[in-house]
Amino acid sequence: MPGKTRQHISQNEPLLFEISSPGKRGYQLPDLDVPQVDPAEALGAANARQEIEHFPEVSELEIIRHFTRLSTWNYAIDLGMFPLGSCTMKYNPRVNEQVARTEGLLWAHPYQPASVSQGAMEIMSQLESALAEITGMDAVTLEPAAGAHGELTGVLLIRALLEHRGKARKKIIIPDSAHGTNPATAAMVGYSVTNLKSNAEGTIDLAELARLVDDETAALMVTNPNTVGIFEKDIVKATEIMHSKGALVYMDGANMNALVGLARPGDFGIDVMHLNLHKTFSTPHGGGGPGSGAVAVKKHLEPFLPVPRLKRVKDMFEFDYDRPLSIGKVRAFYGNYGVLIRALAYIMAHGGPGLRVATLDALLNANYIRKGLENHYDMPFTSPSMHECVFSHDRQEAKGVRTGDIAKRLIDYGFHPYTVSFPMIVHGAIMIEPTETEGKQELDLFIQAMIDIANEIDTSPKLVLDAPHCTRTPRVDEVGAARKPVLRWKP
Amino acid sequence: MLATLGLDSLDGLYAHLPAEVKLNRPLNIAPGKSEFDIVDYFRRQADRNAVGFASFLGAGAYSHFRPVLCDVVASRGEFLTSYTPYQAEMAQGTLTTIFEFQTMICQLTGMDVANASMYDGSTAAPEAAMMAVRVTGRHKVLAAKTVHPEYRAVLNTYFKYQGLPVTEFGYDGATGCIDLADLESKLDKDTAAVLIQSPNFFGCVEDWKKAAELAHKHGALLVYLFSEAVSLGILEPPRDADIVAGEMQSFAHPPSYGGPYAGIIATKEKFMRQLPGRLAGETKDSNGNRAFCLTLSTREQHIRREKATSNICTNQALIALMATVFMSVYGKQGLRELAEQNIAKTQYLAKGLKRRFSGSVFNEFVASAGAQTPQAINDALLGKKIVGGLDLARFYPELSGCMLLCATEMVKREHIDAVHEAFR
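Reading guide: rules and limits
Residues numbered from 1 in each chain as written. Chains lettered and ligands numbered in written order. Predicted model: local features only at pLDDT ≥ 70, side-chain atom pairs only at ≥ 80, totals over all residues. Heavy atoms only, no water. Pairing = 2+ DSSP bridges. Helix = DSSP H or I, 4+ residues; strand = E, 2+ residues; numbered from the N terminus. Contact = heavy atoms within 4.5 Å. Axes fitted to C-alpha atoms, helices over the stretch in contact; angles between N-to-C directions. Salt bridge = Lys/Arg side-chain N within 4 Å of Asp/Glu carboxyl O. Polar contact = N/O pair within 3.5 Å; in protein donor to acceptor, adjacent residues only side chain to side chain. Expected span 1.5 Å × (residues − 1). Buried < 20%, exposed > 50% of the residue type's maximum accessible area, 1.4 Å probe, protein only. Domains from an automatic or database assignment. Buried area = accessible area lost by both parts, 1.4 Å probe.

A. Representation of the sheet that holds strand S8 (residues 263–267) of chain B. Residue and element names in this part refer to chain B. Ordered in space as S2-S8-S7-S6-S5-S3-S4, the seven strands form an open sheet in which the pairing is mixed. In this open sheet, the two edge strands, each paired with only one partner strand, are strand S2 (113–114) and strand S4 (166–169). Sheet topology note: the S2/S8 ladder contains two bridges and is antiparallel. Looking at S8, one finds that Val113 is bridged to Thr267. Each of strand S3 (140–144), strand S5 (191–197), strand S6 (221–226), strand S7 (243–247) and S8 touches helix H5 (residues 121–136); the most contacted strand, S7, lies at about 165 degrees to it. Against the sheet, helix H8 (residues 208–217) touches S5 and S6, its axis set at about 150 degrees to S6.

Here's what the structure looks like:
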């Protein structure tokens, strides 16, 4: 058994439907204090359903065992380092969970009168101010529900502004290193995508950008630091090129964890950006959401922000829906409020100085890993790394082992894999983001695991190709799953 | 560690940043606070809200009791602090619960396949409509005025910049249900989808069979929306719909000032490949045992980029997990009994009030304020620590003087009697 792992008991567990048997129950309802009503009478006989076929019937103990057993089949930050590049899997402080469950916040209804919602609104206002200060932007909307949703909002804002100026324009320029959400978002807003090829350093090619931009270009969507973990050193010039043609610059804030307290997008020419509160501001990923994709803009985009806008009238907060230029709503109500609470709690716990130190620690950890691995794995782009470092599997591929195989072997050492095969501009990418919350001990174990795997590839590549060996579930047939999709249980 | 890197200070780590981008001052954010101070701050803010009030607000966010197990399970770090389950070998826990969630959504909605969840009901609605546009190759969408106004607002935002027209059709002033004649007059060969919600924003149960008939006659799809998931426990599932999209908040998540919630989209098997969002599928591991993984990802943005079915790349896994626990706790019988309690409370509330519409309702309905104004009634109730109903003038000027009231299993008879009193 390599690294941190040991064998331990993992129980089999059927699906809820397979445990179910008629008459078992895990619920209690309060006594009804009003007269009972026949549903068929209230709803109309044709509208009342007879039963929910095959819906589970299980006891409370069976439920807790079922989900607890399933939970033990998961890996999580609470179990160890989760070095997924561009995902910023940092520790999720539990005090944030507790404050989000404070009764007056948890049960606040979005339509309850403003007079009994001032505390809820104050929290939003505090978060908006903090995010504006961190990004150097002028205004923030908290309405988007996720990063990709923030992108959608941001590109809608760009389109609305350009339409207001007279012409929506037709295309958006996106570097080939970008997240897949960027082109998908541009398409959802009716823009065609022009691919910007990265230069030999993995960064924006200014000459190529200048050649591509014309008066049909609406915007450049850029990630900074980019997905190779490198700060775009020509970002100011790039934004000047765009602005001189009347186009805007969108920044994907996925990698903001590298910049907080060191540099502000608003100071280097960005017009609009989103933040992933579930990355930079540590709200838990929860196995794939909920997140929050707050969007920050410069003054010229503010009139177009989604409604409502929070405003203070005398000493009271209220929601302003009277915004004639607004793009409208991107989500019901005011956003993923519970996530906003957690993000503000994180910012309060760190404070301004603490946020900057967290960024520096994230940079330190990424560069420490880079140093530890640079003699064992190829690194296609060698500019200084920010919060993540990207290797390629070139050297290992010669032995028939690819990045996906190395990732699976890493599981045997007790780590979640890094990000596999992304960004696409790196052949066989190995993208590692440790975040600031890992200590030296865990980093050293990770580095040693990666070195051990590199050695295994030299001596016994099959060991790596067949990995993982230590998990409850060995390699899963994803091709078979897609060929003949089974998406639900059937009796 | 600094020595390993040949640095003498942390500042050396970003010395390579161009001078013009560096922030040369500290962030203007107060220094870090202790756990005690943070808990205290949020408690103080929470106490400025309506704490310990009874509430008759629904309108897309419902107060239902949360079985304790929902939080117990969702608080386990193995679920809370894990990522989207790309690495199936170490994410079978999350994947299995998603598969169970998808199955239960199918059982509740009468559909064949369901996705792993969407952001919420309001964004699931336009995603469902965009799916219908892809399936039919047509570009127009008809939405009922009885669909939640904020869902329609989001639909408009998503559609207007893609050049896809959204037309609304009206409701019958007596029943509060969709005006079928108006729907029929607006259907044509360019209509991709008809969107209805049931129970609708007024709480009325819609005739989805007739709506489906009309839509299908013109080659359009019927999209059935719901904002109150508990209704699925007692209402006939909309089997004639082509796509069902809705909001799962009622299952284990409190109103939480509007989010996070979880939406869903379910559909017929033949439209499976046009579904947006994550899907968990069953497969085998290399030992031949049952296992699960994310599947059909060729629909998604990280593979298809600008040709993807949507730019969505997450679901609301943790909220969906809470809903999965909620559904297992209540189960087949409990969900029905829960729905019946909602009906009983609502009928008791309605009996003392003047209903504006005659359509059958589940757990909310429109009441006329009579000689008073909704504002006056709500103000009087607030003084008794009761949050009243939603003044409908905000969304439906023609219904000024009316309010939308919701009664779940959480309101007690004494609160309902107090509402009766306030209306007198």
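B. Here's a closer look at the pattern of salt bridges. A complete count under the given rule lists 49 salt bridges over all chains for this structure. The closest approach of N and O atoms between Arg101 of chain A and Asp71 of chain B, which form a salt bridge, is 2.9 Å. Here Arg101 of chain A is found in the loop between helix H4 (94–100) and helix H5 (103–106), whereas its partner Asp71 of chain B is found in helix H2 (residues 68–74) on a different chain. For Arg152 of chain B, the salt bridge is made with Glu168 of chain B, and the minimal N-O distance between the two is 3.1 Å. Here Arg152 of chain B is found in helix H6 (residues 149–160), whereas its partner Glu168 of chain B is found in strand S4, with 16 residues between them in sequence. Salt bridges linked by common partners bring Glu97, Arg101 and Arg342 of chain A together with Arg66 and Asp71 of chain B together as one network.

C. Looking closely at the side chain of Ser392 of chain A. Residue and element names in this part refer to chain A. Tracing the sequence through the fold places Ser392 in strand S10 (residues 389–392). Side-chain polar atoms of Ser392 contact the backbone nitrogen of Asp394, separated by 3.1 Å. When neighbours within four sequence positions are excluded, Ser392 is seen to be in contact with Tyr377, Asp378, Pro380, Val426, His427, Gly428 and Ile430.

D. Representation of helix H6 (residues 118–135) of chain A within the structure. Taking 1.5 Å per residue, 18 residues should reach 26 Å; H6 of chain A reaches 26 Å between its end C-alpha atoms and fits that length. The element H6 of chain A is extensively covered by neighbouring structure, given that 16 of its 18 residues are classed as buried.

E. Summary view of the domain arrangement of chain B. Residues and elements named next belong to chain B. Per the domain assignment, the segments making up chain B are domain 1 (54–66 + 331–423) and domain 2 (69–325). Just the C-alpha atoms count here: the centres of domain 1 and domain 2 sit 26 Å apart. Together domain 1 and domain 2 conceal approximately 2,600 Å² of surface at their shared face, both sides included; 63% is due to carbon and sulfur atoms. Linking domain 1 with domain 2 are two salt bridges, by the criterion used here. Across the pair Asp71 and Arg66 runs a salt bridge whose closest N-O atoms are separated by 3.1 Å.

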